[in-house]
Structures are given as C-alpha cells and as structure tokens.
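Residues per chain are reported as follows:
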Amino acid sequence: MGDVVSTHLDDARRQHISEKTRKVLTEFLHFYKDQYGVALFNSMRHEIEGTGTPQAQLLWRKVPLDERIIFSGNLFQYQEDSKKWRNRFSLVPHNYGLVLYENKVAYERQVPPRSVINSAGYKILTSVDQYLELVGNSLPGTTPKSGSAPILKCPTQFPLILWHPYARHYYFCMMTEAEQDKWQAVLQDCVRHCNNGIPENSKVEGPAFTDAIRMYRQSKELYGTWEMLCGNEVQILSNLVMEELGPELKAELAPRLKGKPQERQRQWIQISDAVYRLVYEQAKAQFEEVLSKLQLARPAMEAVIRTDMDQIITSKEHLASKIRAFILPKAEVCVRNHVQPYISSILEALMVPTSQGFTEVRDVFFKEVTDMNLNVINEGGIDKLGEYMEKLSQLAYHPLKMQSCYEKMEPLRLDGLQQRFDVSSTSVFKQRAQIHMREQMDNAVYTFETLLHQELGKGPTKEELCKSIQRILERVLKKYDYDSSSVRKRFFREALLQITIPFLLKKLAPTCKSELPRFQELIFEDFARFILVENTYEEVVLQTVMKDILQAVKEAAVQRKHNLYRDSVVLHNSDPNLHLLAEGSPIDWGEEYGGGGGGGGDSGSPSARVPEAATISEKRRRAKQVVSVVQDDDAGLPLEAGSEPVSPASVDSVTGLRGLLAQNLRAESPPPAAPLLNGAPVQESPQPAARPQAPSPPASPLRQLPPGKAVDLEPPKPSDQETGEQVSSPGGRPHIHTTTEDSAGVQTEF
C-alpha cells in the first residue's frame with residue numbers, strides 16, 4: 001500500500017493537494033466568518049424575543065446513554081494487508097463509534113483497540129455486487145472482464161461493507177442472515193448518529209457553519225441538497241474539498257494506474273483514502289484556528305449587539321423592505337408557476353412514511369410497557385421492576401427494537417419531483433425523520449419513568465402498581481400524540497423549505513443576484529457584521545413561499561390527515577409540575593429497585609471505605625449492562641398454561657389492556673417463569689418433559705460479557721476521522737501505537 005501511495009503522491013503532488021485545500025478552505029472560511037456574526041445576532045435576538053412554538057408535553061433526558069455500550073459481539077473483518085479474514089471482537093459504545101479489538105481477551109485486558117471507525121458519510125452495503133457497482137462507478141474504465149476475479153471475495157453469503165466515496169472501505173461478514181440483519185441495524189444506527197455530527201445545542205457555531213457551506217456551494221452554482229453534509233465540521237469540510245479535488249486527481253492519476261482492472265480499483269481506493277487524510281488534517285488545523293479567533297472576538301460582538309439590538313433590527317427591516325420591493329413580483333410569479341402546484345404532492349410523499357414511522361414508535365412503546373406490566377404481575381411485582389425498567393429506559397437506543405420504526409421511512413420517494421427540485425437524495429430527510437423518532441421514543445420512555453418513579457414513592461401494592469402503570473401509560477400516550485404531531489409538522493415545514501428554497505434561488509439568480517450589491521450601502525458600517533445582504537435576500541425569498549407551505553400543512557392538520565393536530569389545539573399546563581420532576585438526579589433503576597446483587601469478589605467493598613474500588617465497581621457494573629440494551633428477544637412470552645395465547649401487541653386499546661390486566665390480577669397462582677419480552681433475564685424453572693426444547697441458535701454477534709469478568713474500561717470515543725487497521729508486532733503483547741488522545745477520543749495511527 002505504501003508503495004502505491006508514495007509512487008502516485010510524491011512531494012510535488014502533495015504540495016498541489018495542500019495548495020488546493022488551502023484555496024478551498026480560505027474561500028469557505030470567508031463565508032464562515034461572515035455567517036458567524038449573523039448567527040450570533042440571530043441567536044441573541046431569539047433569546048430576547050422567543051418564539052411561539054408550543055411547549056413540549058414530554059420530558060427529555062439530558063444524558064441519554066452516558067458510559068453505556070449499545071452492542072457487542074464478534075464479526076469477521078477482511079484484512080487488506082494480509083488479504084485474510086479475521087474474527088474480531090467489536091462493540092459500539094454510547095457515542096456510536098465502532099470499536100474493533102483483536103479479540104475479546106484483548107478487550108478484557110484493556111489492550112487498545114485495533115481501530116475506531118467513525119461511520120459518518122458511509123453507506124452500508126449488504127451484497128458484494130452493490131459494492132462492485134459503486135467501485136466501478138468511482139473509477140470509470142476499470143470494470144473487470146466477465147469471469148475474472150472481483151476486487152473482493154466474501155467467504156459467506158452475508159457481507160456488510162462500509163463504503164465511502166473518499167475514505168477507506170471496511171469489509172465484514174457474518175455466518176447467518178440473522179446476524180447480518182442485526183449488525184446492519186446496529187451499523188445503520190452508527191451511520192445515522194455520526195452523520196448528525198454537528199451538535200444541535202450549538203446555536204451559533206452550528207447554524208453559521210451550515211449556512212456558510214450552503215453559501216459557498218451556491219457561489220459555485222451548486223444548489224439543492226448535498227448528500228455529503230454529514231459528520232462533524234472537519235469531516236464536512238474534508239468532503240467539500242474532496243468534491244472539487246477528487247475529480248481533478250482522478251483525471252490525472254487514473255491513466256497512470258497499472259495492473260488489472262481490480263488492481264487499479266484497489267490502488268485508487270488507497271490513493272483516495274490517503275488524500276482524504278491529508279485534507280482532513282489540514283482542514284482540522286485551519287478550521288480550529290479560525291474558530292478560536294472568532295470565539296475570542298465573540299464577547300466584544302455580543303456587547304455591540306446588546307447595546308444596539310433595536311438599531312440593528314430596524315436597519316435590517318429597512319434593508320428587507322427595499323429588497324422585498326425589488327424581488328417580490330418576480331418571486332411571486334416563480335412560486336406561483338413552479339412551486340405552488342407541487343407543494344401538496346411533496347407534502348403527501350413526506351407525510352405517509354413519516355407518520356407511519358411515528359405510529360410504529362407509539363406501537364412499540366405501548367407494547368414494551370404492556371409486556372412489562374404483564375411481567376410485573378407474573379414475576380413478583382416491585383422486586384423485578386428495577387430490572388424491567390433498566391431495560392425499558394434504553395428502548396430508544398435499542399437498534400433492533402427501533403428498526404421497525406426506522407424501516408417505515410425507507411419507501412420515501414419524490415418521484416418526478418426529485419429531478420425538478422434538484423434533490424440529489426432523499427436520505428437526508430429519511431435520517432432526519434428517524435432521529436426525530438428516536439428522540440420522541442426516548443422522551444416518551446423518560447416521561448413514563450419519571451411519573452412511575454413518583455408513583456412508587458407512595459408504596460403501592462402489586463395490584464395498585466399495575467393499575468398505576470396503565471394510568472401513566474395512558475397519560476404518556478396522550479402527550480406523545482401531541483408532541484409527535486408538533487414534531488412532524490415542523491419536520492414537514494423544514495423539509496418543504498429545504499426542497500423549494502434552493503430551487504427558487506436558482507431560478508431567481510440570473511435576474512436578481514447581480515443586483516444585490518447595490519443594497520450594501522443601506523447597511524451601517526457598525527452593523528455590517530450582523531446584517532448581510534445575501535442572507536436578507538434569502539429570508540425575503542423564504543417569506544414568499546412560506547405562506548403556501550404553512551397553508552398546506554395547516555390543511556393537512558384540519559383534515560386530520562395522519563393524526564396531525566390542528567394548530568389551535570394546545571395542551572396548556574396539562575401537568576404543571578411534571579417538568580419540575582425532571583430537575584432531580586437521574587433515576588438509577590438498578591440501584592433503587594434492582595435488589596442489590598454485587599458481582600462477587602472484591603467489587604462488593606463498601607464505597608465509603610474504598611472510594612477507588614467503588615469507582616472501578618461502578619464502571620464494571622455499567623459494562624455488565626452492555627448487552628441489556630440489545631438482549632436477544634427471539635423467544636415469545638408464553639402465557640398461563642391452558643389459557644388462549646393472546647399477544648400483548650394485539651391489545652390495541654386501553655380498554656382491552658385493562659381487561660387483560662384484570663384477568664391476570666384475578667389469577668390464583670402465578671404462571672411458570674418464562675422468557676420476558678422486554679429482554680429481562682429468565683429465572684430457571686423446570687420445564688415439562690413433553691415440551692421440546694428450542695434448538696440453540698447459531699453463533700450470534702450478540703455476546704454477553706461474563707458476569708464475573710466485567711471490565712474496567714471506558715469505551716473509547718469515535719475518532720473524528722476514519723482510522724485504519726494496525727498490524728500487531730510479532731510475539732508477546734500486540735504493540736498498538738496510538739496518536740495523541742484528545743477530546744475526539746482514541747485515534748489509531750494511520
């Protein structure tokens with residue numbers, strides 16, 4: 001590999017790459033500096049004026065998965081250096097970086113991982129044919145002849161390939177289709193999370209960055225959605241540079257690659273990855289330098305804004321009125337002829353899969369709480385409650401249980417409209433809706449937890465507890481229906497704007513854009529950092545189409561399409577003290593209602609006497625909870641002997657659930673212990689001799705850590721960039737050399 005890279009990336013070409021990267025970044029950072037002042041002003045104005053958005057009814061969890069592990073297990077990985085497949089122990093921590101260890105022993109001994117993969121920008125492929133097609137398209141003229149060996153051979157029929165247009169690729173395979181499905185759900189969750197890399201609580205830096213990206217691309221006549229706007233700021237900047245640099249290098253280097261088509265493809269992947277890493281390092285340094293300067297200047301900018309807020313607002317409104325008078329006639333004609341006729345079609349295409357997904361979230365939440373309620377009856381009441389609630393609290397981050405919700409978005413198509421409005425891909429809308437689904441699920445679960453925890457303070461009996469669970473479930477579902485309607489309407493409005501505004505700007509550019517500089521003289525020099533003509537122009541364009549979008553969404557709600565609420569329906573103070581409950585410390589169900597249960601050995605030492613040992617014990621306890629997040633739930637829940645098999649999932653009404661609970665409460669004796677649908681461990685109990693035992697499943701990637709060997713390990717955070725494999729030194733403990741560990745987490749050497 002090194003020979004290929006060094007041959008084609010000599011010092012002269014590396015210098016050219018550096019100069020090209022610097023040119024693109026310098027141009028972009030000019031836009032970023034401009035947008036930073038605008039975003040700061042907008043943020044401070046928003047704090048003062050507020051918005052009229054309805055208050056959410058559900059609570060939200062401040063630290064969803066701190067120090068938890070989503071998934072762990074074994075999979076086979078292809079080693080490009082040795083050209084062999086190796087079994088790897090892999091885990092996904094709460095920050096969704098895929099961590100690969102040499103084996104499970106290396107993990108338990110806290111040997112540094114071989115690699116940490118940040119999957120932002122990757123596609124998950126489930127067949128070698130899909131992969132070969134993408135590789136062939138990335139380097140035209142290298143399609144292998146029929147019958148020749150492909151670039152990759154998979155030893156099983158169940159591959160999973162991580163493909164990126166610029167960075168290195170990762171090849172995995174599983175032994176069964178069931179394992180492939182599980183790992184696909186997990187890795188897709190990683191991609192979804194890592195793609196959403198810009199923190200949403202960043203009210204200044206985040207909007208400034210995304211607006212600067214949009215402005216930069218529009219300056220290159222690139223309108224519409226951009227599929228590679230994924231990852232953190234440095235990853236997005238690297239994609240931005242590679243979008244321009246990649247084709248240029250490909251045209252220059254492709255004719256010089258030697259060997260068979262498969263070998264030339266392999267060489268290009270290696271070269272592209274090496275260039276991407278060079279670009280990444282340079283982008284990281286330049287961006288952080290500019291960002292630090294802006295943050296140092298921020299206090300002075302805030303002081304000016306606070307002092308002159310009214311004058312800045314007046315100046316901006318005056319500028320907007322002049323721009324509106326100039327462009328409004330043209331913009332209205334464009335909206336009427338080219339946008340308005342298609343708004344309802346776009347909205348309907350978005351509403352169907354999105355609403356189906358949110359309905360599935362509701363159904364999954366209902367089923368899980370119902371299962372838990374039945375298990376409370378069957379398994380001894382409050383004694384088991386902590387165990388059940390510990391698992392329910394992780395529901396929104398359970399890749400397998402949430403998969404049925406996420407899958408509802410896959411049919412999203414904008415047939416015919418996608419080309420008209422220059423939408424390169426619908427994936428941005430799918431992933432945004434899926435993130436909303438996960439957030440709403442976690443909000444519903446957390447609200448349920450908080451209300452149940454309050455109820456438990458009254459010391460209810462088992463019968464009272466089951467009735468309380470049902471009553472709380474009804475309350476939470478009402479809140480969920482209201483919040484999910486608000487979230488979906490906001491999502492529809494934002495998606496419609498994201499589709500139509502770039503189209504309008506592109507249509508209006510030939511007649512309007514050249515006239516914008518003359519409006520610059522209307523801005524006072526002292527306010528020039530907070531008011532930009534280009535931004536004000538876009539706001540005016542947005543206002544011309546916004547009323548049509550709002551009307552379309554309002555009509556859908558009035559018609560009760562897809563269970564949307566009217567804007568006039570507002571739940572005021574339905575639970576005035578609910579938000580006060582969320583201000584307390586996080587609920588630890590395992591500690592409060594888990595019935596103790598130390599791991600044995602020294603870990604049971606009192607924390608008051610040995611604080612350090614207590615810290616280790618706490619980390620080990622959390623490590624033991626790894627698999628509880630994704631416990632295998634293939635087995636069903638057999639009900640009492642002799643009773644008709646009624647699935648809790650089929651109980652689709654509150655009345656039906658009450659009847660089912662009442663039937664169980666009247667039972668004179670508890671049923672035999674059985675596997676629990678909510679993933680709780682099974683109590684051993686004798687089984688009837690005539691009952692056949694289910695065959696053992698094949699080796700699953702879902703491996704539970706040994707209870708006595710919980711590891712004192714803080715999972716490494718995903719690196720800001722995709723990291724490569726490392727070869728262990730022969731003999732003894734594998735030597736893993738790492739670069740400096742910073743706020744981004746572990747970064748293995750390239």
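Remember, it's a predicted structure, so these values are computed and weren't measured experimentally.

This next bit is on the overall build of the chain. Helix and strand counts for the chain come out as 18 helices and 7 strands. Surface summary for the chain: the accessible area is close to 35100 Å², and the carbon and sulfur share equals 51%.

Let's shift gears to helix α6 (residues 205–219). Under the 1.5 Å per step criterion, the end-to-end length of α6 is 21 Å for 15 residues, consistent within 8% with the ideal 21 Å. All of the buried residues along α6 are Glu205, Gly206, Ala208, Phe209, Ala212, Ile213, Met215, Tyr216, Arg217 and Gln218. Here the buried face of α6 lies against α2 (11–49), α7 (233–253), α8 (261–379), α13 (462–512) and α14 (533–558). Note on α6: the residue one or two positions beyond its end, Glu221, has a positive phi of about 65°.

Bringing the pattern of salt bridges into the picture now. Taken as a whole, this structure holds 30 salt bridges when the rule is applied. With its nearest N and O atoms 3.1 Å apart, the salt bridge here joins Arg45 to Glu49. Here the residue Arg45 and the residue Glu49 both occupy positions in helix α2, the gap between them amounting to 4 residues, near one helical turn. A salt bridge links Lys401 to Glu368; the nearest nitrogen and oxygen atoms lie 3.2 Å apart. With Lys401 in helix α10 (residues 399–406) and Glu368 in helix α8, the pair connects residues that are 33 residues apart, well separated along the chain. The two residues Lys401 and Glu368 agree in class, both being buried. Members of the salt-bridge network, linked through shared partners, are Arg61, Asp442 and Glu449.

Phe28, Tyr32, Phe172, Phe365, Phe448 and Leu452 are the most contacted members of the largest nonpolar core, which has 171 residues in total. Per-element tally for this core: the top contributor is α8, with 40 residues. In terms of nonpolar packing, the next biggest core, distinct from the first, is built from 12 residues, Leu125, Ile151, Leu152 and Cys173 among them.

Another point: the pairing of strand β1 (residues 69–79). In terms of burial, β1 is largely enclosed, as 10 of its 11 residues are buried. Where β1 meets strand β2 (residues 84–93), 10 bridges bridge the pair, whose relative direction is antiparallel. Paired with Ile69 across the bridge in β2 is Pro93. Once β1 ends, the chain turns through 4 residues before running back antiparallel as β2, passing Lys83 with a positive phi of about 55°. Pairing between β1 and strand β7 (residues 170–174): 2 bridges, direction antiparallel. Looking at the pairing, Gln77 lines up with Phe172 of β7.

In this section: the sheet that holds strand β3 (residues 98–101). Sheet architecture is open: 7 strands sit in the order β4-β3-β2-β1-β7-β6-β5, paired in antiparallel fashion. At either end of the open sheet lies a strand with only one pairing partner, and these are β4 (115–117) and β5 (123–125). Sheet twist, expressed as the average angle between the axes of neighbouring strands with direction ignored, equals 35°. Sitting on the sheet, helix α4 (residues 128–138) touches β5, β6 (158–163) and β7, and the angle it makes with β6 is about 25°.

Let us now look at the packing of aromatic side chains. Tallying each qualifying case throughout the model produces 22 aromatic pairs. Geometrically, the ring pair formed by Phe209 and Phe287 is edge-to-face, given 5.7 Å between the ring centres and 80° between the ring planes. Of this pair, Phe209 sits in helix α6 while Phe287 sits in helix α8, and the two are 78 residues apart along the sequence. You'll find Phe209 and Phe287 in the same group, each marked buried. Among the aromatic residues, those joined into a cluster by ring pairs are Phe28, Tyr32, Tyr36, Phe209 and Phe287. The ring of Tyr406 carries Arg192 above its face, with NZ or CZ at 3.9 Å from the centroid. Taking the ring centre of Phe326 as reference, the NZ or CZ of Arg518 above it sits at 5.0 Å.

Two numbers describe how α8 lies on helix α9 (residues 382–392): the axes approach to 10 Å, and their chain directions differ by 165°. As the angle between them shows, α8 and α9 are arranged roughly antiparallel. Between α8 and α9 lies a crossing whose hand is right-handed. Here Glu368, Val369, Met372, Asn375, Val376 and Glu379 of α8 come into contact with α9, specifically with Lys384, Leu385, Tyr388, Met389 and Leu392. Here the contact of α8 with α9 is composed, by residue class, of 7 nonpolar, 1 polar and 3 charged.

For the chain, per-residue confidence averages 79 on the pLDDT scale, and 74% of positions sit at 70 or higher. Between residues 596–614, whose pLDDT stays under 50, and residues either more than four places distant or in other chains, the model counts 4 contacts. Per-residue pLDDT stays below 50 along residues 664–750; that stretch engages in 212 contacts with residues further than four places along the chain or on separate chains.

Turning our attention to the environment of Leu253. Relative to the helices and strands, Leu253 resides in helix α7. Considered as a pair, Leu253 and Leu9 are 244 residues apart in the sequence and their alpha carbons are 9.5 Å apart. Contacts of Leu253, omitting those with residues within four sequence positions, involve His8, Arg13, Trp268 and Ile271.

Our focus in this paragraph is the environment of Ile469. Along the chain, Ile469 falls in helix α13. The spacing of Ile469 and Leu451 is 18 residues in sequence and 9.1 Å in space, taken between C-alpha atoms. Leaving out residues up to four positions away in the same chain, Ile469 has contacts with Val369, Met372, Asn373, Val376, Phe448 and Leu452.

What counts and how
Residues numbered from 1 in each chain as written. Predicted model: local features only at pLDDT ≥ 70, side-chain atom pairs only at ≥ 80, totals over all residues. Heavy atoms only, no water. Helix = DSSP H or I, 4+ residues; strand = E, 2+ residues; numbered from the N terminus. Areas by Shrake-Rupley, 256 points an atom, 1.4 Å probe, with all protein chains shown as cover. Expected span 1.5 Å × (residues − 1). Buried < 20%, exposed > 50% of the residue type's maximum accessible area, 1.4 Å probe, protein only. Contact = heavy atoms within 4.5 Å. Salt bridge = Lys/Arg side-chain N within 4 Å of Asp/Glu carboxyl O. Core = buried A, V, L, I, M, F, W, Y, C linked by side-chain atoms within 4.5 Å. Pairing = 2+ DSSP bridges. Axes fitted to C-alpha atoms, helices over the stretch in contact; angles between N-to-C directions. Phe/Tyr/Trp six-rings, centres within 6.5 Å; stacked < 30°, edge-to-face > 60°. Lys NZ or Arg CZ within 6 Å of the ring centre and 35° of its normal. Parallel < 35°, antiparallel > 145°, perpendicular 65-115°, else oblique. Left-handed = near helix turned anticlockwise from the far one by under 90°. Nonpolar A, V, L, I, M, F, W, Y, C, P; charged D, E, K, R; others polar. pLDDT = per-residue confidence, 0-100.

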